[in-house]
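Each chain is listed here by its residues.
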There are 2 protein chains.
Amino acid sequence: MNIGETLLRLEALSGYSSGGSAPRIKLDANENLFLPREAMLGYLREAVESSDPRLYPATESEELQTAIAKRLGVDADQVVIGGGGDQLINLLVTSLTRPGEGLLSLTPTFSMYKVAASIRGVESQDCPLAPDLTLDPSRLLAAVAGNTRMIEIVNPNNPTGVQFEEGAVKKVVQGFEGPVLVDEAYADYGRYSLVGCCSGLENLMILRTFSKAYGLAGMRLGYLVAGPRLASALRGVQDLYPASSVSIRMGLRMMRETHVVDEAVSRLKKERSRLASELSQIPGVVMIPSDANFVTFKTQAEAASIQAKLSAEGVSVRLVRGIPGLGDCLRVTVAPRPLMAEFLTRLRGALG
Amino acid sequence: MNIGETLLRLEALSGYSSGGSAPRIKLDANENLFLPREAMLGYLREAVESSDPRLYPATESEELQTAIAKRLGVDADQVVIGGGGDQLINLLVTSLTRPGEGLLSLTPTFSMYKVAASIRGVESQDCPLAPDLTLDPSRLLAAVAGNTRMIEIVNPNNPTGVQFEEGAVKKVVQGFEGPVLVDEAYADYGRYSLVGCCSGLENLMILRTFSKAYGLAGMRLGYLVAGPRLASALRGVQDLYPASSVSIRMGLRMMRETHVVDEAVSRLKKERSRLASELSQIPGVVMIPSDANFVTFKTQAEAASIQAKLSAEGVSVRLVRGIPGLGDCLRVTVAPRPLMAEFLTRLRGALG
């Protein structure tokens, strides 16, 4: 294959569109605005003091493994440190699937899974959610094809915000012979986590991130939890240095500030209820009850046009297409009251 | 494939061994000790002040692209930002090769290439260096097999430290129809760079890192330079956020401190000469003249035993096996004089 053909192949794979300019009120990326910037900067200033940018990360990575394990109540050898959710998704797709094999997803799901599969020539296999947006384990397991190598379930799901029934997720893990990834990026905002089940289910992998409840989206830090043997095998294929030493130290710092994290989660949940009640009072709005740090809803007017109107007012929300039973919707990050108040005002204006 | 088979497959791929405890004098990872830690911390403190750890990296990545392009004298659209050399190597192997296809390397080379290929089921194809350790383009091109999809050349080479002739590297790029990656991690310590050739050679990709001359090994930051079309296609498959926002801001800061970087490179080169002259006076030592920030040499006594003796004294150096014409050697990072003086004392003791 010459370089011209290579270029055509690469260009066909392109998964990302460029960002554009920054909105005034950014409610499209589920960042954590309940943790005050000044407090976070304070932690970061301290994390920096113990860093040496000249040296590759060393023992701080194992310290973080231990701190995470302690917080979750698992063993340290069940934890695999990574450089943000995307890095870990790439690692799993790369090391657990091969071109021509399939990655089965309950759709719609976090877009990165399709991108990671497509760049690697892995087949994305979809099992569309039923209109009630819950997980039917037998339906998902029935969608397993001969070449399906891995199943991924985002739980709570993105973009719906629904956390599936715990028993239903476990049934999928028990009913599939290969690895099952449960992406718990939003689990801190939900009702439960499956991390405690990893030691008993050797094909279960849980992905967690510091980008949401821990407020470190800019730091690119995440981790996997799995049974000791699977976790050890995954550490064996993980990069030597997947995360910055400053990021790791900042992760360690946040593990010492879990009361601050928990308190911010609790404030978000209150604001989520209030937002839900206000949204439901807007005529024509249909809202999906959320277990995440965002709320997805349908408006009577076309979602894309409302998104554009909000954007013109400096408010960015995410357009999510093709939610079963609803069609195109908007997804808005739950943020502190002043931002929600302005969002609601602009939304009412856009709906006119 | 069930989870037991999956585990066996993963375990067979394992590319990394765990680190062990930190040595007193660390001369095994080619970190930059010529940039004083206090100065680097000062830059990092400032970089932090403009960061918001809660938010995903935004426009700072494009600013860095522009600053790098300006420094190198290329166009900003020729630059692809990444999260350290490993992240970029993974990206290239993933997006440019498929299982069963081949990645051809001049060996010995940086170990990460074999690891990245093996995890993806890509065939590592070796063209061993001739005993004079130079690049013979026709010999390398003769090693191209029917399934060879990419060639990689580390230049200056790691672990030899030799920078190949510019014309020889270009002949490889011109003689191969697919993509050629030239890894210039150490080029700041060498005699030339090929970045200026990318606009004219559409199959050439240059990998550069902030980990060496720019002193940011801990920050996980690197980039690719290529022709505009190839660079754009690679940005299309790159992760949205491959590097931490603090790392990107720190990269930007170092781009404003290029005089400090250049001055440290110049001091390293002086120290490298001095080290070379001292090493060559030790009976039985054979040294490879280096264009990098390390020196690789052979001792009369077995390399592994000398490494162990140095390690017992708290001095870590890298054991490199199977250098053509020399066999097993030791690789030592060039560091400021007090560290080199102690290294030489301990080495003489170990050989004594």
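Notes on the domain arrangement of chain A
Residue and element names in this part refer to chain A. Per the domain assignment, the segments making up chain A are domain 1 (3-30 + 259-347) and domain 2 (51-257). The C-alpha-based centres of domain 1 and domain 2 are spaced at 23 Å. Facing the 27 residues of domain 1 at the interface are 30 residues of domain 2. Of the roughly 2200 Å² buried between domain 1 and domain 2, counting both surfaces, carbon and sulfur atoms make up 59%. Among the residues of domain 1 in contact with domain 2, Val 261, Asp 291 and Pro 324 are the three that bury the most area, contributing 28% of the side total. Between domain 1 and domain 2 we count two salt bridges in total. Asp 291 is the salt-bridge partner of Arg 191, the closest N and O atoms lying 3.5 Å from each other.

Considering the state of the cysteines
Considering all chains together, one arrives at zero disulfides over all chains under this definition. Cys329(A) takes part in no disulfide bond, and the closest cysteine sulfur to it belongs to Cys127(A), at a distance of 19 Å. With no disulfide partner, Cys197(B) has as its closest neighbouring cysteine sulfur the one in Cys198(B), 7.1 Å distant.

A short note on the relation of the copies chain A and chain B
Superposition record for chain A on chain B: RMSD 0.0 Å, screw rotation 180°, translation along axis 0.0 Å. What the rotation and shift describe, once combined, is the action of a two-fold rotation axis. The residues that chain A uses at the interface reappear at the interface of chain B in 100% of cases, marking a shared surface.

Points about the packing of aromatic side chains
Each aromatic ring pair is specified by the distance between its two centres and by the angle formed by the two planes. On inspection of all chains with the given rule, the structure shows twelve aromatic pairs over all chains. The interplanar angle of 70° and the centroid separation of 5.3 Å between the aromatic rings of Phe210(B) and Tyr214(B) together place this pair among those described as edge-to-face. The structure contains a cluster of three or more aromatic residues connected by ring pairs, namely Phe210(A), Tyr214(A) and Tyr223(A). Between Arg331(A) and the ring centre of Phe294(A), over which it is positioned, the NZ or CZ distance is 5.4 Å.

What about the interface of chain A and chain B?
Taken together, the 81 residues of chain A in the interface contact 82 residues of chain B. For the chain A and chain B pair, buried surface summed over both sides reaches about 7000 Å², with 58% attributable to carbon and sulfur atoms. If you look at where chain A meets chain B, you find eight salt bridges. Between Glu49(A) and Arg45(B) there is a salt bridge; the shortest N-O distance is 2.6 Å. Here the side of chain A that touches chain B gets nine residues from one element, more than from any other, and that element is helix 1 (residues 3-13) of chain A. Tallied by class, residues from the side of chain A that touches chain B come to 36 nonpolar, 25 polar and 20 charged.

Section: unusual backbone geometry
Omega for the peptide link from Thr107(B) to Pro108(B) comes to 0°, which places this bond in the cis form. Tracing the backbone shows Pro108(B) in the loop between strand 3 (102-107) and helix 5 (112-119). With an omega dihedral of 20°, the bond running from Asn158(B) to Pro159(B) counts as a cis peptide bond. Of note, Pro159(B) is situated in the loop between strand 5 (148-154) and helix 7 (166-175). Of note, Leu133(A) is a non-glycine position whose phi angle comes to about 65°, a positive value. Position of Leu133(A) among the secondary structure elements: in the loop between strand 4 (123-128) and helix 6 (137-142). Overall, the relative accessible area of 5% leaves Leu133(A) in the buried class. Not every positive phi belongs to a glycine, and Arg220(B) is a case in point at roughly 55°. Here Arg220(B) shows up in the loop between strand 7 (204-209) and strand 8 (222-226).

Concerning helix 4 (residues 85-96) of chain A
All names here are of chain A. For helix 4, spanning twelve residues, the distance from its first C-alpha to its last is 16 Å, which sits close to the expected 16 Å at 1.5 Å a residue. Burial analysis of helix 4 places twelve of its twelve residues in the buried class, the great majority of the element. Listed in full, the buried residues belonging to helix 4 are Gly 85, Asp 86, Gln 87, Leu 88, Ile 89, Asn 90, Leu 91, Leu 92, Val 93, Thr 94, Ser 95 and Leu 96.

Observations concerning the side chain of Asp183(A)
Residues and elements named next belong to chain A. In this fold, Asp 183 is placed in strand 6 (residues 180-183). Buried and unpaired, Asp 183 has no salt bridge, with Arg 208 as the nearest side chain of opposite charge at 8.2 Å. Engagement of the side chain of Asp 183 in a polar contact is seen with the backbone nitrogen of Ala 185, the distance being 3.0 Å. In this structure, Asp 183 is in contact with Ile 89, Phe 110, Tyr 113, Ile 153, Val 154, Asn 155 and Leu 207, ignoring residues within four places of it in sequence.

Brief notes about the packing of helix 9 (residues 245-256) of chain B against helix 10 (residues 258-280) of chain B
All names here are of chain B. Where helix 9 meets helix 10, the closest approach of the two axes is 5 Å, and the angle between their N-to-C directions is 75°. When the interaxial angle is binned, helix 9 and helix 10 end up roughly perpendicular. Only Thr 258, His 259 and Val 261 of helix 10 make contact with helix 9, whose side of the interface consists of Met 254, Met 255 and Arg 256.

Here's the deal with the sheet that holds strand 5 of chain B
Residues and elements named next belong to chain B. Read from one edge to the other, the open sheet built from seven strands follows the order 2-8-7-6-5-3-4, with strand pairing classed as mixed. Of all the strands in the sheet, the pair left with one neighbour each is strand 2 (79-82) and strand 4 (123-128). If you compare each strand with its neighbour and ignore which way they point, the axes differ by 25° on average.

Things to note about the nonpolar core
In globular proteins that are soluble, nonpolar side chains generally tend to be buried together. Of all hydrophobic cores here, the largest spans 184 residues; its most connected members are Leu279(A), Phe343(A), Leu279(B) and Phe343(B). Look past the residues within four positions of Phe343(A) in its chain and what remains in contact with it is Leu27(A), Leu275(A), Leu279(A), Phe297(A), Leu310(A), Val315(A), Val317(A) and Val332(A).

A look at the environment of Lys170(B)
Residue and element names in this part refer to chain B. Residue position: Lys 170 is located in helix 7. For the pair Lys 170 and Leu 204, spaced 34 residues apart in sequence, the C-alpha separation works out to 9.1 Å. Setting aside chain neighbours within four positions, we find Lys 170 in contact with Leu 194 and Cys 197.

Definitions and limits used
- Residues numbered from 1 in each chain as written.
- Chains lettered and ligands numbered in written order.
- Predicted model: local features only at pLDDT ≥ 70, side-chain atom pairs only at ≥ 80, totals over all residues.
- Heavy atoms only, no water.
- Domains from an automatic or database assignment.
- Contact = heavy atoms within 4.5 Å.
- Buried area = accessible area lost by both parts, 1.4 Å probe.
- Salt bridge = Lys/Arg side-chain N within 4 Å of Asp/Glu carboxyl O.
- Disulfide = S-S within 2.5 Å.
- Least-squares fit on C-alpha atoms with pLDDT ≥ 70 in both.
- Phe/Tyr/Trp six-rings, centres within 6.5 Å; stacked < 30°, edge-to-face > 60°.
- Lys NZ or Arg CZ within 6 Å of the ring centre and 35° of its normal.
- Helix = DSSP H or I, 4+ residues; strand = E, 2+ residues; numbered from the N terminus.
- Nonpolar A, V, L, I, M, F, W, Y, C, P; charged D, E, K, R; others polar.
- Buried < 20%, exposed > 50% of the residue type's maximum accessible area, 1.4 Å probe, protein only.
- Expected span 1.5 Å × (residues − 1).
- Lys, Arg positive; Asp, Glu negative; His and termini not counted.
- Polar contact = N/O pair within 3.5 Å; in protein donor to acceptor, adjacent residues only side chain to side chain.
- Axes fitted to C-alpha atoms, helices over the stretch in contact; angles between N-to-C directions.
- Parallel < 35°, antiparallel > 145°, perpendicular 65-115°, else oblique.
- Pairing = 2+ DSSP bridges.
- Core = buried A, V, L, I, M, F, W, Y, C linked by side-chain atoms within 4.5 Å.

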